[in-house]
Amino acid sequence: TEEISREQKQERLERLLKIQRRITLEINRSFTGSIQTVLVEGPGKHPGQMSGRADNGKTVNFTGNPGLISHLVDVRIVAAYQNSLMGELMKTTPV
């Protein structure tokens, strides 16, 4: 068997991760324009922002109020990032 150096292993891992990040971003971008039902889990990272999970498991951030926590809401996806989706609340009444 051939021994693989630590540097070679690291290079291969970095190439694989770069490909995976590209694929993940492409998948996330495919949700742009769609309406997702989101379970609101809590506040997002920014003031006035809420965060939750769509039924596909993706994290969705949107402007909303804490009264929505633990409710299902419809959110239109307007932007996609590496690890999350950004959306706009479709209506203030939980689903």
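Nothing here was measured: the structure is a model prediction, and the numbers come from that model. (Residues numbered from 1 in each chain as written. Predicted model: local features only at pLDDT ≥ 70, side-chain atom pairs only at ≥ 80, totals over all residues. Heavy atoms only, no water.)

1. Concerning the sheet that holds strand β3 (residues 59-63)
With respect to topology, five strands assemble into a closed barrel ordered β1-β2-β3-β5-β4, the strand pairing being mixed. Across the sheet, the axes of successive neighbouring strands diverge by a mean angle of 50°, strand direction being ignored. Strand direction decides the pairing type here: strand β4 (residues 72-80) and strand β5 (residues 85-89), joined by five bridges, are antiparallel. Each residue of the ladder has a partner; that of Ile77, found in β5, is Gly87. (Pairing = 2+ DSSP bridges. Helix = DSSP H or I, 4+ residues; strand = E, 2+ residues; numbered from the N terminus. Axes fitted to C-alpha atoms, helices over the stretch in contact; angles between N-to-C directions.)

2. Let's talk about a nonpolar patch on the surface
Taken together, the side chains of Leu13, Leu16 and Leu17 define a hydrophobic patch exposed on the protein surface, amounting to about 270 Å² of accessible area. Looking at the element boundaries, Leu16 is found in helix α1 (residues 6-29). Residue classification places Leu16 among the exposed residues on the basis of a relative accessible area of 54%. (Patch = residues over 30% accessible without salt bridge, like charges linked within 9 Å, V, L, I, M, F, W, Y side chains within 5 Å. Areas by Shrake-Rupley, 256 points an atom, 1.4 Å probe, with all protein chains shown as cover. Salt bridge = Lys/Arg side-chain N within 4 Å of Asp/Glu carboxyl O. Buried < 20%, exposed > 50% of the residue type's maximum accessible area, 1.4 Å probe, protein only.)

3. Brief notes about the pairing of strand β1 (residues 35-43)
Relative to β4, β1 runs antiparallel, the two sharing five bridges. Bridged to Val38 within β4 is Val73. Both β1 and strand β2 (residues 49-54) contribute to a ladder of five bridges, which runs antiparallel. Residue pairing across strands places Val40 opposite Gly52, the latter belonging to β2. From the end of β1 to the start of β2, which pair antiparallel, there are five residues, and Gly48 there has a positive phi angle of about 80°.

4. A short note on the nonpolar core
Counting 13 residues, the largest nonpolar core has Val38, Val60, Phe62, Val73 and Val75 as its most contacted members. Broken down by element, the residue count for this core peaks at four residues, all from β4. Apart from the residues within four sequence positions on either side, Val38 is in contact with Gly52, Arg53, Ala54, Val60, Phe62, His71, Leu72, Val73 and Val75. (Core = buried A, V, L, I, M, F, W, Y, C linked by side-chain atoms within 4.5 Å. Contact = heavy atoms within 4.5 Å.)

5. Examining the pairing of β3
In regular strands, side chains alternate between the two faces of the sheet. Within β3, four of the five residues are buried, leaving the element largely enclosed by the surrounding structure. Across five bridges, β2 lies against β3 in antiparallel orientation. Across the sheet, the residue bridging to Ser51 is Asn61, located in β3. Direction of pairing for β3 relative to β5: parallel, over a ladder of three bridges. Bridging across to β5, Phe62 finds its partner in Gly87.

6. Remarks on α1
Taking 1.5 Å of rise per residue, 24 residues should cover 34 Å, and α1 covers 34 Å from first to last C-alpha, within 8% of that figure. Listed in full, the buried residues belonging to α1 are Thr24, Leu25 and Asn28. Among the structural elements, β4 and β5 are those in contact with the buried residues of α1. (Expected span 1.5 Å × (residues − 1).)

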